[in-house]
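Inside the fold
Below, each chain spelled out in residue letters.
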Amino acid sequence: LDILARIGSDLALMHLNGVAQKVKFKGLQEKAREKMDEVAQNRGLTADELADRLVPDLELDPDGSRTLDFGTRQFRISFDETLKPVVVDGNGKTLSDLPKPNKSDDATKAKEAETIWKTLKKDVKAIAQNQIIRLELAMCAQRRWEADSFRALFLEHPLLIHLVRRLIWGVYTEDGGRTGAFRVAEDNSFADGQDSSYTLADGAYVGIVHPLELSESERAAFGQILGDYNIVQPFPQMGRDTYAPTDVEAKSGEITRRKKQWAPTGKFLGLVEKGWRKGAPQDAGWIWDMYKSLAGGFVAMLDLPTGISADMQYTEPKQEIGTIHISHKAKDKVTIADLPPVVFSELVRDLVQLGSAT
């Protein structure tokens with residue numbers, strides 16, 4: 001990790017960030033995060049802002065495609081909603097794989113094209129899921145980018161543009177108020193919920209809008225447009241399940257909706273991809289809680305009554321679901337009512353997504 005940080009190239013830092021996000025060993029993961037924070041601080045950025053700048057372009061053309069030349073035939077590479085590369089032939093037909101060369105093709109060019117295709121598939125497979133998760137977490141954390149940064153980091157990025165066009169984006173003022181919403185069309189123009197042209201004002205802030213930020217009519221309008229254009233989203237956005245606290249929950253500092261129910265241990269470990277972190281191992285190396293840093297300085301902690309072994313994580317095939325406790329870094333007492341609606345909804349969704357173990 002020290003060597004990757006010292007190398008400091010985008011590729012080295014991309015690998016370092018991958019360790020920080022996905023490796024299952026807590027000590028190694030925390031060390032990688034410290035290194036990312038250190039590098040980001042030296043560049044005057046946050047860790048998230050640094051990660052924004054480490055997405056490789058995979059040598060794609062500015063429009064997000066790449067042409068594979070067989071001499072007599074050419075094929076264009078595009079990407080689906082999971083960033084899986086697909087091949088489009090000269091007639092506009094989408095193919096699942098690159099065709100084999102035939103006798104009329106240039107053998108040297110065809111071989112070079114095959115090499116590019118295989119390398120691209122391997123490279124994008126290594127980064128695609130991480131990028132999709134990163135954008136989903138950005139939506140849940142209600143991250144915002146200045147309009148110029150949005151254009152540079154997303155709209156003009158040849159790989160991410162394939163995800164950008166499948167999402168609905170919100171427009172915000174500096175103090176967080178939402179002023180509009182739009183999607184990005186195939187020609188990279190902006191369109192509103194009525195599919196009319198939308199102009200992004202200078203000085204505006206842009207973020208992936210959470211459905212709770214939209215009115216019911218806005219959600220319906222954008223949902224209709226996605227359906228009309230057969231746009232599949234990379235993660236649930238317009239069709240996302242949302243939750244609101246009950247009157248009893250709002251007055252408490254805990255979420256007990258699934259307390260004493262059971263779910264597979266693997267589902268708990270999967271919470272890491274949703275921004276949760278395993279607590280420190282206690283006696284005999286057992287972990288009894290998970291925590292998640294939330295927007296606004298809030299922290300959620302999920303009890304694990306059954307416990308997860310730090311070195312043999314599947315010792316117990318299922319886990320009892322405990323209580324989620326809410327705290328704040330600067331306040332002695334908080335209630336669920338203090339949480340932003342999006343934050344509460346996503347915490348409950350995390351519990352629901354655990355599923356059940358019989």
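The following paragraphs examine the structure supplied in this document. (Residues numbered from 1 in each chain as written. Predicted model: local features only at pLDDT ≥ 70, side-chain atom pairs only at ≥ 80, totals over all residues. Heavy atoms only, no water.)

1. As for the pairing of strand E9 (residues 205–208)
To keep things clear, this is the line we draw: Categorising residues by exposure relies on relative accessible area from a 1.4 Å probe, with only protein chains included: less than 20% of the type maximum marks a residue as buried, more than 50% marks it as exposed, and the intermediate range marks it as partly exposed. Numbering of helices and strands runs from the N terminus, with a helix taken as a DSSP run of H or I at least four residues long and a strand as a DSSP run of E at least two residues long. Pairing between two strands requires that DSSP report at least two bridges joining them.
Across the two faces of E9 the burial is the same, with Tyr 205 and Gly 207 and Val 206 and Ile 208 all buried. Pairing of strand E5 (residues 145–146) with E9, which is carried by two bridges, proceeds in the antiparallel orientation. Opposite Trp 145, over in E9, you have Val 206 as the bridge partner. In the sheet, strand E6 (residues 168–172) pairs with E9 via four bridges, with the strands oriented antiparallel. Considered in E9, the bridge of Trp 169 is made with Ile 208.

2. Let's talk about helix H11 (residues 341–353)
In an α-helix, one turn spans 3.6 residues, which is why side chains three or four residues apart end up on the same side. Spelled out, the test is: Helix span, as expected, comes to 1.5 Å for every residue beyond the first. When checking whether two residues touch, look at their non-hydrogen atoms; a contact exists if any pair is within 4.5 Å.
Counted at 1.5 Å a residue, the expected span for H11 with its 13 residues is 18 Å, and the 18 Å between its end C-alpha atoms agrees. Of all the 13 residues making up H11, 10 are buried; the element is thus mostly covered by neighbouring parts of the structure. Buried within H11 are the following residues: Val 342, Val 343, Phe 344, Ser 345, Glu 346, Leu 347, Val 348, Arg 349, Asp 350 and Leu 351. Lining the buried residues of H11 we find helix H5 (107–140), helix H9 (247–251), strand E10 (254–255), strand E13 (286–293), strand E14 (298–309) and strand E16 (324–328). One or two residues past the end of H11 sits Gly 355, with phi positive at roughly 70°.

3. Section: the sheet that holds strand E2 (residues 74–79)
Heads up, the condition is: Here an axis means a line fitted to C-alpha atoms, over the contact stretch when the element is a helix, while the angle between two N-to-C directions is reported on a 0 to 180 degree scale.
As summarised here, the arrangement of the four strands in space is E1-E2-E3-E4, forming an open sheet in which the pairing is antiparallel. For this open sheet the edge positions go to strand E1 (66–69) and strand E4 (94–95), each flanked by a neighbour on one side alone. One ladder, built from four bridges, connects E1 with E2; its direction is antiparallel. Opposite Asp 69, over in E2, you have Gln 74 as the bridge partner. H5 contacts E1, E2 and strand E3 (85–88) of the sheet and is inclined by roughly 145° relative to E1.

4. Re the packing of aromatic side chains
For the record, the criterion: Aromatic rings from Phe, Tyr and Trp, with only the six-membered ring used for Trp, were paired whenever their centres fell within 6.5 Å, and each pair was classed as stacked if the ring planes differed by under 30 degrees, edge-to-face if by over 60, and tilted otherwise.
Summed over all chains, the structure comprises 10 aromatic pairs. Taking the centre distance of 6.4 Å and the plane angle of 50° together, the rings of Phe 150 and Phe 190 count as tilted. Of this pair, Phe 150 sits in helix H6 (residues 147–155) while Phe 190 sits in strand E8 (residues 190–191); the two residues are 40 residues apart in sequence, bridging distant segments of the chain. Phe 190 shares its class with Phe 150; the two are buried. Residues Phe 182 and Phe 190 carry aromatic rings whose centres are separated by 4.6 Å and whose planes lie at 35° to one another, so their mutual orientation is tilted. By relative accessible area, Phe 182 is classed as buried at 0%.

5. Concerning H6
Stated precisely, the cut-off is as follows: Think of the arc as the fan of directions from the helix axis to the C-beta atoms.
Residues of H6 that are buried: Ala 147, Phe 150, Leu 153, Phe 154 and Leu 155. Along the long axis of H6, the arc covered by the buried residues comes to 150°, so they all point the same way.

6. Here we look at the pairing of E16
The alternating pattern of E16 places Ile 324, Ile 326 and His 328 on a buried face and His 325 and Ser 327 on a face that is not buried. In this sheet, E16 lies alongside E10 in antiparallel orientation, the contact comprising two bridges. Bridged to Ile 255 within E16 is Ile 324. Judged from the five bridges that link them, E14 and E16 form a sheet pairing that is antiparallel. Among the inter-strand pairings, Met 301 is bridged to a residue of E16, identified as His 325.

7. Description of the sheet that holds E16
Taken together, the five strands give an open sheet; going across it, the order is E10-E16-E14-E13-E12, and neighbouring strands pair in antiparallel fashion. Of all the strands in the sheet, just E10 and strand E12 (277–278) have a single pairing partner and so form its edges. The sheet contact formed by E13 and E14 spans seven bridges and is antiparallel. The partner of Lys 292 across the bridge, within E14, is Ala 300.

8. Overview of the nonpolar core
So the rule is basically this: What makes a nonpolar core is a set of buried Ala, Val, Leu, Ile, Met, Phe, Trp, Tyr and Cys residues whose side-chain atoms join them at distances within 4.5 Å.
Among the nonpolar cores identified, the biggest contains 48 residues, and Phe 150, Phe 154, Trp 169, Phe 182, Val 184 and Leu 200 are the most heavily contacted of them. Broken down by secondary-structure element, the contributors of at least two residues to this core are E2, H5, H6, helix H7 (161–164), E6, strand E7 (178–184) and E9. Ranked by residue count, the leading element in this core is H5, at 12 residues. Not counting residues up to four positions away in its chain, the partners in contact with Trp 169 are Trp 145, Phe 150, Phe 154, Val 164, Gly 180, Ala 181, Phe 182, Val 184, Val 206, Gly 207, Ile 208 and Val 209. Within the second largest apolar cluster, 28 residues are counted, among which are Ala 263, Phe 268, Ile 287 and Phe 344.

9. Here we look at unusual backbone geometry
When glycine is set aside, most residues are seen to have a negative phi, and most peptide bonds are trans. At Leu 58, a residue that is not glycine, the phi angle is positive and equals roughly 55°. The exposure class of Leu 58 is buried, given its relative accessible area of 13%.

10. Some words on the environment of Glu 186
Among the secondary structure elements, Glu 186 is positioned in the loop between E7 and E8. Taking the relative accessible area as the measure of exposure, Glu 186 reaches 65% and is therefore exposed.

11. Here we look at the pattern of salt bridges
Threshold: A carboxyl oxygen of Asp or Glu within 4 Å of a side-chain nitrogen of Lys or Arg is what we treat as a salt bridge.
Within this structure, the stated rule accounts for 18 salt bridges. With a shortest N-O distance of 3.7 Å, Lys 109 and Asp 69 are connected by a salt bridge. Of this pair, Lys 109 sits in helix H5 while Asp 69 is found in strand E1, placing the two residues 40 residues apart along the sequence. Look at Lys 109 and you get partly exposed, because its relative accessible area is 38%. Across the pair Lys 121 and Asp 97 runs a salt bridge, and its minimum N-O distance is 3.8 Å. Placement of the pair is Lys 121 in helix H5 and Asp 97 in the loop between E4 and H5, with a sequence separation of 24 residues. Residue class for Asp 97 comes out partly exposed when judged on its relative accessible area of 40%. Linked through salt bridges whose partners overlap, the residues forming this network are Glu 136, Arg 240, Glu 346 and Arg 349.

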